[in-house]
4 protein chains.
Amino acid sequence: MNYQEIINRIFEEVKQMPDKGKVASYIPALAEVPDSKLGISVCMNSGEEFSVGDADEKFSIQSISKVFTLTLAMKMHADEIWKRVGREPSGNSFDSLVQLEYESGIPRNPFINAGALVITDSIFEGVGKTKKNLLQFIRSLSGNSNIYFDEEVADSEKQTGHRNRAVASFLKSYGNFVNSPDDVLDVYFHQCSIEMSCNDLSRAFLFLANSGIQPQSNTEIVNKRQAKRINALMLTCGTYNAVGDFAYYVGLPAKSGVGGGIVAVIPKLLSITAWSPGLNEQGNSLLASKVLELFTTYTGNSVF
Amino acid sequence: MNYQEIINRIFEEVKQMPDKGKVASYIPALAEVPDSKLGISVCMNSGEEFSVGDADEKFSIQSISKVFTLTLAMKMHADEIWKRVGREPSGNSFDSLVQLEYESGIPRNPFINAGALVITDSIFEGVGKTKKNLLQFIRSLSGNSNIYFDEEVADSEKQTGHRNRAVASFLKSYGNFVNSPDDVLDVYFHQCSIEMSCNDLSRAFLFLANSGIQPQSNTEIVNKRQAKRINALMLTCGTYNAVGDFAYYVGLPAKSGVGGGIVAVIPKLLSITAWSPGLNEQGNSLLASKVLELFTTYTGNSVF
Amino acid sequence: MNYQEIINRIFEEVKQMPDKGKVASYIPALAEVPDSKLGISVCMNSGEEFSVGDADEKFSIQSISKVFTLTLAMKMHADEIWKRVGREPSGNSFDSLVQLEYESGIPRNPFINAGALVITDSIFEGVGKTKKNLLQFIRSLSGNSNIYFDEEVADSEKQTGHRNRAVASFLKSYGNFVNSPDDVLDVYFHQCSIEMSCNDLSRAFLFLANSGIQPQSNTEIVNKRQAKRINALMLTCGTYNAVGDFAYYVGLPAKSGVGGGIVAVIPKLLSITAWSPGLNEQGNSLLASKVLELFTTYTGNSVF
Amino acid sequence: MNYQEIINRIFEEVKQMPDKGKVASYIPALAEVPDSKLGISVCMNSGEEFSVGDADEKFSIQSISKVFTLTLAMKMHADEIWKRVGREPSGNSFDSLVQLEYESGIPRNPFINAGALVITDSIFEGVGKTKKNLLQFIRSLSGNSNIYFDEEVADSEKQTGHRNRAVASFLKSYGNFVNSPDDVLDVYFHQCSIEMSCNDLSRAFLFLANSGIQPQSNTEIVNKRQAKRINALMLTCGTYNAVGDFAYYVGLPAKSGVGGGIVAVIPKLLSITAWSPGLNEQGNSLLASKVLELFTTYTGNSVF
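In this convention, every chain numbers its residues from 1, walking through the sequence in written order. The order in which chains are written sets their letters, starting at A; the order in which ligands are written sets their numbers, starting at 1. Side-chain atom pairs in this predicted model are given and counted only at pLDDT of 80 or more, local residue features only at pLDDT of at least 70, and totals for whole chains, interfaces and linings cover all residues.

Section: the overall build of chain A
Thought 1: Each helix is a run of H or I in the DSSP string that is no shorter than four residues. Each strand is a run of E no shorter than two, and both are numbered from the N terminus. Secondary structure assignment for chain A yields 13 helices and 11 strands.
Thought 2: What the globule rule says is 2.2 Å times the number of residues to the power 0.38, and the radius of gyration is computed from C-alpha atoms. Against the 2.2 N^0.38 benchmark of 19 Å for 304 residues, chain A shows a C-alpha radius of gyration of 18 Å, consistent with a compact globule.
Thought 3: Along the three orthogonal principal directions, the C-alpha set of chain A runs to about 55 × 40 × 35 Å.
Thought 4: Relative to its full complement of 304 residues, chain A shows a buried share of 63%.
Thought 5: Each residue is represented by a C-beta atom placed from its backbone, and any two residues with such atoms within 7 Å are regarded as in contact. Intrachain contacts of chain A at a sequence separation of at least 6 include 67% that bridge at least 24 residues. With C-beta atoms placed from the backbone, a residue is labelled by how many other C-beta atoms lie within 10 Å of its own: buried for 20 or more, exposed for 12 or fewer, partly exposed between the two.

Looking at helix 1 (residues 3-15) of chain C
Residue and element names in this part refer to chain C.
Thought 1: Expected span of a helix: the number of residues minus one, times 1.5 Å. Helix length check: helix 1 (13 residues) gives 18 Å between terminal C-alpha atoms against 18 Å at 1.5 Å per residue, within 8%.
Thought 2: Among the residues of helix 1, Ile7, Ile10, Phe11 and Val14 are the ones counted as buried. In a view along the axis of helix 1, the buried residues occupy a sector of 105°, so they form one face of it. In helix 1, the exposed residues that point more than 90 degrees away from the buried face are Glu5 and Glu12.
Thought 3: Residues of helix 1 that are buried sit in contact with strand 2 (39-44), strand 3 (49-53) and helix 13 (286-299). As used here, the arc is the angular range of directions from the helix axis to the C-beta atoms.

A look at the interface of chain B and chain C
Interface size, as often reported, equals the accessible area lost upon joining of the parts.
Thought 1: At the junction of the two partners, chain B supplies 29 residues and chain C supplies 29 residues.
Thought 2: Breaking the side of chain B that touches chain C down by element, the ones donating at least two residues are helix 11 (224-237) and helix 12 (243-249) of chain B.
Thought 3: Per-element accounting of the side of chain B that touches chain C gives the leading share, 8 residues, to helix 11 of chain B.
Thought 4: When residue character is reported, Ala, Val, Leu, Ile, Met, Phe, Trp, Tyr, Cys and Pro are called nonpolar, Asp, Glu, Lys and Arg charged, and the others, Gly included, polar. Of the residues assigned to the side of chain B that touches chain C, the class counts are 12 nonpolar, 11 polar and 6 charged.

Overview of the relation of the copies chain B and chain A
Thought 1: Least-squares superposition of the copies uses the C-alpha atoms of those residues scoring a pLDDT of at least 70 in each of them. Overlay of chain B on chain A (RMSD 0.0 Å): rotation 180°, translation along the axis 0.0 Å. Such values leave the two copies arranged in the relation of a two-fold axis. Of the C-alpha atoms belonging to chain B, the one lying closest to the rotation axis is found on Ala166(B), 2.0 Å away.
Thought 2: A shared binding surface is used by both copies, with 100% of the interface residues of chain B retained as interface residues in chain A.

Overview of the sheet that holds strand 8 (residues 254-256) of chain B
In sheet architecture, strand pairing relies on hydrogen bonds along the backbone and comes in two forms, parallel and antiparallel.
Residues and elements named next belong to chain B.
Thought 1: The pairing criterion for strands is at least two bridges between them, as found by DSSP. Taken in spatial order, the 5 strands line up as 3-2-10-9-8 in an open sheet, and their pairing is antiparallel. The sheet is open, and its two edges are formed by strand 3 (49-53) and strand 8, each paired on a single side. With direction set aside, neighbouring strand axes in the sheet form an average angle of 10°.
Thought 2: Summarising the sheet, strand 2 (residues 39-44) and strand 10 (residues 270-275) pair through 6 bridges and their orientation is antiparallel. Bridging from a neighbouring strand, Val42 pairs with Ile272 of strand 10.
Thought 3: Only the stretch in contact is used when fitting a helix axis, every axis being a line fitted to C-alpha atoms; angles between N-to-C directions are given from 0 to 180 degrees. Packing of helix 1 (residues 3-15) onto the sheet brings it into contact with strand 2 and strand 3, and relative to strand 3 it is tilted by some 20°.

Quick look at the arrangement of the chains
Thought 1: Regarding chain A and chain C, which are not in contact, the minimum distance between any of their C-alpha atoms is 9 Å.
Thought 2: When C-alpha atoms are compared, chain B and chain D, though not in contact, are closest at a spacing of 9 Å.

Quick notes on the domain arrangement of chain A
Residue and element names in this part refer to chain A.
Thought 1: Domains are outlined according to an automatic or database domain assignment. Split into domains, chain A comes out as domain 1 (3-60 + 197-299) and domain 2 (63-193).
Thought 2: Using only C-alpha atoms to locate each centre, domain 1 and domain 2 end up separated by 21 Å.
Thought 3: In this assembly, 28 residues from domain 1 lie in contact with 28 residues from domain 2.
Thought 4: Put simply, the parts of the chain that give the side of domain 1 that touches domain 2 at least two residues each are helix 2 (28-31), helix 10 (198-209), helix 11 (224-237), strand 8 (254-256) and strand 9 (261-266).
Thought 5: No other element matches the 5 residues that helix 11 contributes to the side of domain 1 that touches domain 2.
Thought 6: Within the side of domain 1 that touches domain 2, the residues separate by chemical class into 15 nonpolar, 10 polar and 3 charged.

Topic: the sheet that holds strand 10 (residues 270-275) of chain C
Residue and element names in this part refer to chain C.
Thought 1: Strand order in the open sheet formed by 5 strands is 3-2-10-9-8, and the pairing between neighbours is antiparallel. A strand with exactly one partner marks an edge of an open sheet, and here the two such strands are strand 3 and strand 8 (254-256). Mean inter-strand twist for the sheet, computed between neighbouring axes without regard to direction, equals 10°.
Thought 2: Most of the contacts of helix 1 go to strand 3, to which it runs at about 20°, and overall it touches strand 2 and strand 3.

Points about the packing of helix 3 (residues 65-77) of chain D against helix 5 (residues 113-122) of chain D
Residues and elements named next belong to chain D.
Thought 1: Relative orientation of the contacting elements helix 3 and helix 5 amounts to 50°, with a least axis distance of 9 Å. It follows that helix 3 is oblique to helix 5 by the angle criterion. Helix 3 and helix 5 meet at a crossing whose hand is left-handed. Two secondary-structure elements touch here, helix 3 through Lys66, Thr69, Leu70, Ala73 and His77 and helix 5 through Ala116, Ile119, Thr120 and Ser122.
Thought 2: Partitioning the contact of helix 3 with helix 5 into residue classes produces 4 nonpolar, 4 polar and 1 charged. Between 65 and 115 degrees an angle is taken as roughly perpendicular, under 35 as roughly parallel, over 145 as roughly antiparallel, and anywhere else as oblique. Here is the rule for handedness: rotate from the far helix to the near one, and if that takes an anticlockwise turn smaller than a right angle the crossing is left-handed, while a clockwise turn gives right-handed.

Digging into the environment of Cys192(A)
All names here are of chain A.
Thought 1: With respect to the helices and strands, the residue Cys192 is situated in helix 9 (residues 181-193).
Thought 2: Expressed as a C-alpha distance, the spacing of Cys192 and Phe149, which sit 43 residues apart in the sequence, is 8.3 Å.
Thought 3: Not counting residues within four places of it along the chain, the set of residues in contact with Cys192 comprises Gln62, Ser65 and Glu157.

Looking at the pairing of strand 2 of chain C
Residues and elements named next belong to chain C.
Thought 1: The buried count for strand 2 comes to 5 of 6 residues, which makes it a mostly enclosed element.
Thought 2: In the sheet, strand 2 pairs with strand 3 via 5 bridges, with the strands oriented antiparallel. Among the inter-strand pairings, Ile40 is bridged to a residue of strand 3, identified as Val52.

A word on the nonpolar core
Thought 1: Among buried residues, those of type Ala, Val, Leu, Ile, Met, Phe, Trp, Tyr and Cys that are joined through C-beta atoms within 7 Å form a set called a nonpolar core. Leu292(A), Leu292(B), Leu292(C) and Leu292(D) are the most contacted members of the largest nonpolar core, which has 412 residues in total.
Thought 2: Filtering out sequence-adjacent residues up to four positions away, Leu292(B) remains in contact with Val250(B), Leu252(B), Ala254(B), Ile262(B), Ala264(B), Ile272(B) and Ala274(B).

Focus on the interface of chain B and chain A
Thought 1: With 12 residues of chain B at the interface, the matching set in chain A holds 12 residues.
Thought 2: Contributions of two or more residues to the side of chain B that touches chain A are made by helix 4 (98-102) and helix 8 (162-173) of chain B.
Thought 3: Here the side of chain B that touches chain A takes 8 residues from helix 8 of chain B, the largest share from any one element.
Thought 4: Grouping the amino acids of the side of chain B that touches chain A by side-chain chemistry returns 4 nonpolar, 4 polar and 4 charged.

Section: the packing of helix 5 (residues 113-122) of chain C against helix 9 (residues 181-193) of chain C
All names here are of chain C.
Thought 1: The interhelical angle for the contact between helix 5 and helix 9, taken along N-to-C directions, is 110°, at an axis separation of 10 Å. Judged by the inter-axis angle, helix 5 sits roughly perpendicular to helix 9. Regarding helix 5 and helix 9, the two cross each other, and that crossing is right-handed. Note on element contacts: helix 9 touches helix 5 through Val184, Val187, Tyr188 and Gln191, opposite Leu117, Thr120 and Asp121.
Thought 2: Counted by class, the contact of helix 5 with helix 9 contains 4 nonpolar, 2 polar and 1 charged residues.

Examining helix 10 (residues 198-209) of chain D
Residues and elements named next belong to chain D.
Thought 1: With 12 residues, helix 10 should cover 16 Å at 1.5 Å per step; its first-to-last C-alpha distance of 16 Å lies within 8% of that length.
Thought 2: Buried within helix 10 are the following residues: Cys198, Asn199, Asp200, Leu201, Ser202, Arg203, Ala204, Phe205, Leu206, Phe207, Leu208 and Ala209.
Thought 3: Looking one or two places after helix 10, you find Ser211, whose phi comes out positive at around 60°.

Structural notes on the environment of Pro277(D)
Residues and elements named next belong to chain D.
Thought 1: Secondary-structure assignment places Pro277 in the loop between strand 10 (270-275) and strand 11 (278-279).
Thought 2: For the pair Pro277 and Val258, spaced 19 residues apart in sequence, the C-alpha to C-alpha distance is 7.7 Å.
Thought 3: When near neighbours in sequence (up to four residues on either side) are disregarded, Pro277 contacts Val23, Val33, Asp35, Lys37, Gly259 and Gly260.

With respect to unusual backbone geometry
Thought 1: Even without a glycine there, the phi angle at Ser104(B) is positive, about 50°.
Thought 2: Turning to its location among the elements, Ser104(B) is positioned in the loop between helix 4 and helix 5 (113-122).

Focus on the confidence of the model for chain A
Keep in mind that low pLDDT regions are not for reading the predicted coordinates in detail.
Thought 1: On a scale of 0 to 100, pLDDT captures the predictor's confidence in every residue. Mean pLDDT over chain A works out to 96, with 100% of the residues at or above the 70 mark.
Thought 2: We note a pTM of 0.94 for the whole complex and an ipTM of 0.93 for its interfaces.

Right, dumping it as structure tokens:
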């Protein structure tokens, strides 16, 4: 079977599963997405692409955006960034403040909310400019100039974002936050609201499967060591409190978002995105997790 | 010896102690207060008053204000208030968020910052009106119409108040905060900035020594049960993380503030305020603690 | 009304309350005690004694024993003991290990289990000798040579005492435990099993109402400062996680045990013990708490 | 370069590094091992073996033994074992009790001490029999009948093992410990004391590189899913609090021990063991980590 046949088969299998998880309901714009949506997209370092289902439909990338901002921060600050944020699994909820207090304002890793806020603070150059830079970076990574913020989602996030506001002020109280919390949160709520399709995401993540070099353009996005670092962080910290189970069932570096997308990378080979809006208890897409699990099973391509 | 002789003697003893503690330095207006200041004031239920030293000089009451807002909240909401805040010692730092997270947004008591913010939120009726009500209440308690906010202090608190901002947003994320964090914090930073003298404070706290009835005016401020509640809370939670030692050395219900003031109550008899700006490691005034300790020693009047 | 009339009235009122709490059931010997038991005993510094109900019936004193071992440790080590144990409320469950880990093996106070185990370790001079010394001390305090360990209770505690065993080994891992955990636990389980009546306990605690001097014999048990320290510790840490509410409802220094006994002290006046085996949610006797609350209400003698 | 040349080159490079880390000193038998020791051993699924330096010298495997007991437990209990222990990174120190208390006695994963103790408890069939079974299992995995406990090490561990004793009793207090803590600890201290060489360990771990089947004998040790599970657990939890950095620098599933050994697996290809007794701050061998990092660099064989 070639990859197209494999993802077709997976699509059919997963599509008919009765339990589709629970669509995130904390903001209306997410709650309204039908749980029947399912898309799969594979991009290979070689240039080949395969997709099935709703792979061209845009959805809210949410926490997947943390990989883009981390990449920008590593480009901008190199290893200096690790003075402000750790690189280890947290063992706590993604929005917990407990560990942050015990560890004096240094978040455990860039994928828990506190760490992601520090990262966004570190690339902040004014609200407008930072938002523009970020969008430009993602457009260039995905080769799609048609990528935008969803202002309605950004606005809803802002309305309900008290916990993130608490985290930002808490970081500031420890001196680990340079700019105005409100300004950085403005960018942060926008980055989470970015809309991309499975195809966009697979293309945008391909540099991580190719040692930091975007194969489409032969451009170095980050160096080889940095690409390895990001992949290692995704595997150990990329899927909330389900990192251990995800490593077992899927066995790939991956980043998930509450919009239902999960992007994974098979180093030296390909990137793959699956999207289905229903979430499991840990906040990862139930069906997208299943898609990725079956993909590593059918291709025999997990890292373990 | 009568009370005047006793406080004179204590004043002389304490005045010459070489270690005066460390004046709070997180905002300029506090840092500038000379550590040589020392005032003592005693007000008796009987109407007699005694004072010595800088007892008429105003200082920043800071956390002592939490007793006034709590009193207002108890008048306004009676026992309903205890649905939003606990009544037990926290065992943690006054500005910790750890316990708040483990206990889902219900602060342990009204004297840690989180609890005090809930209390201020509960009496909030608009920034201007709440500030006006509070000032009026304190003026009437102390019989001094000349009590004001120190706008410079309030402004400094606001500049450096990231931790309190974090706490307010955190409470809001748990649904235990009704109004806008910024608005309530505006009131909160103002209440901490109120300037009162030892004499003002002793007069204002006298109702707690008199079962809830202000002896000066024979007015019931709170009922007997509520007065007992406030005294019990002061003894078990009123002096930050030094409650146990304070109970031992002083043995009176008391509330301290980082401005260096401490007000204590001997139920059925008197209220006493001591002020000296230098703090000990727990954040209580070093010399004011000593004054109160000697007062209970010389009068034999501790509760233990 | 004199004290006898007061406690008679309280006895009648409390006796008929329908909710008697829940008798401790983790060991059979405690579970078997009928919840209808109720005793009250008052001993005055003046020598007068009053009692009603089952005031002469022995029950398991459990955690009340922590006051006796603390007193022995203070006699033996004076202020040195505070290097090994703190003096502040813990804000955590009496058997929690969390705080102990964060604070590197120094228990918060002598009344949580970890602190009590350090105290027993500090007075340890061999299993047999320590047990004998303790019994002798308590017999002499209560003037009753007929006080014994309940070996069945001690044995049951040992069978179910895994948590205490964990605490002792944990303390040892921090170097804050001198002797063999098993040996000290043997003493500890025995001290908890001691059987005393309300009358025994009131007599034994009277030195704490009399500035450290046993009025019956005019013997100094501890000095005045130490008696004040113990009373302050009882008020701030003596009733598990209900210290704040207990201070409010009762307003006296007191120590409770899961056997249903509570001993309280009115400094300079009297000691009072109430016993009823049914516990409230915090682990304090429901009816004994009520007895003490009514006693301070009817006599107007609370410290607040 | 073939593998022999690669490990020779790495050996030369690492051998001369001036900083050799700090040899574990909590027990004499470990403290005495010279920090100049360095061994590397590679075993391939194909049957080829390569080694250099002290690859035949036995050392104390310590926590590496947790992989063997986990394997036995998975064989014995299949997925039932996951009712008693989790599969996620802990984010806390390997010997912390805090998380255990918050999560009611269910350890986060089988490689922190609490989890390892539960695992040993789960395979316990009497001290003698369990020790015998374990030794037999390891001998058969490594094809070396000459593997023994180091009784001196086991005895020292027992002398200093208060923390582990605390953990076992704590687990027992939550009902997550079936047998006598002392008996299980006896086995546990022995399993940690097992002496094996790099060659022994590489051979013993080869089934994890070969989907659960020992290539030497073509025997299924665990099924394919279980092998994947163990590898995933090693990558996400196998190297104490350095999991994130280890994933980045080395990028292989691995398990370390304070004796200075680290065994890693390249799925579908080989197992590799490096040994050098000096540890880094996280408790992993400094030079063995370096060896593995260089190995993945020179062979290009990391999972990322």
